[in-house]
Amino acid sequence: MLRHEIRPGRAVAGLTMLALAGGYAADAAGAWNVPWTFTAPVLFGGLGLSAAVTWLSYRLRRRRDARKASAENSAAPASSSGSQAMR
């Protein structure tokens with residue numbers, strides 16, 4: 001049993017922020033001169049990718065839950081058993 005749901009979108013967003021931090025750490029150490037065009041594509045591309053991954057995982061999770069719920073409800077509904085008379 002899992003303790004919590006896996007959130008792949010948050011992982012992608014975290015990796016994006018780590019890439020930005022690594023680029024600026026390399027610039028601060030003098031190992032790499034970060035161009036100003038580095039920030040925007042990495043930031044917006046990574047956040048867009050994380051949004052797409054979040055949406056995809058949400059859709060897959062809903063589909064899995066719906067399939068699981070329909071497999072569990074194979075019995076006849078309570079209203080067809082005659083115990084609940086409709087007026």
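First things first, this report covers the structure right here in the doc. (Residues numbered from 1 in each chain as written. Predicted model: local features only at pLDDT ≥ 70, side-chain atom pairs only at ≥ 80, totals over all residues. Heavy atoms only, no water.)

## What to know about the overall build of the protein chain
Of regular secondary structure, the protein chain possesses two helices and zero strands. Counting the 87 residues in the protein chain, one finds 14% classified as buried. Across the protein chain, the fraction of contacts at a sequence separation of at least 24, relative to all contacts at a separation of at least 6, is 54%. With the model as given, the accessible surface of the protein chain reaches about 7,400 Å², and the carbon-plus-sulfur share is 63%. (Helix = DSSP H or I, 4+ residues; strand = E, 2+ residues; numbered from the N terminus. Buried < 20%, exposed > 50% of the residue type's maximum accessible area, 1.4 Å probe, protein only. Contact = heavy atoms within 4.5 Å. Areas by Shrake-Rupley, 256 points an atom, 1.4 Å probe, with all protein chains shown as cover.)

## Description of the pattern of salt bridges
A full pass over the atoms with the stated rule returns two salt bridges. Where Arg7 meets Glu5, a salt bridge forms, and the shortest distance between an N and an O atom there is 3.3 Å. (Salt bridge = Lys/Arg side-chain N within 4 Å of Asp/Glu carboxyl O.)

## Observations regarding a nonpolar patch on the surface
Together, Trp55, Leu56 and Leu60 make up a nonpolar patch on the protein surface, roughly 350 Å² of accessible area in all. With respect to the helices, strands and loops of the structure, Leu56 is situated in helix H2 (residues 39–72). With relative accessibility at 45%, the residue Leu56 sits in the partly exposed group. (Patch = residues over 30% accessible without salt bridge, like charges linked within 9 Å, V, L, I, M, F, W, Y side chains within 5 Å.)

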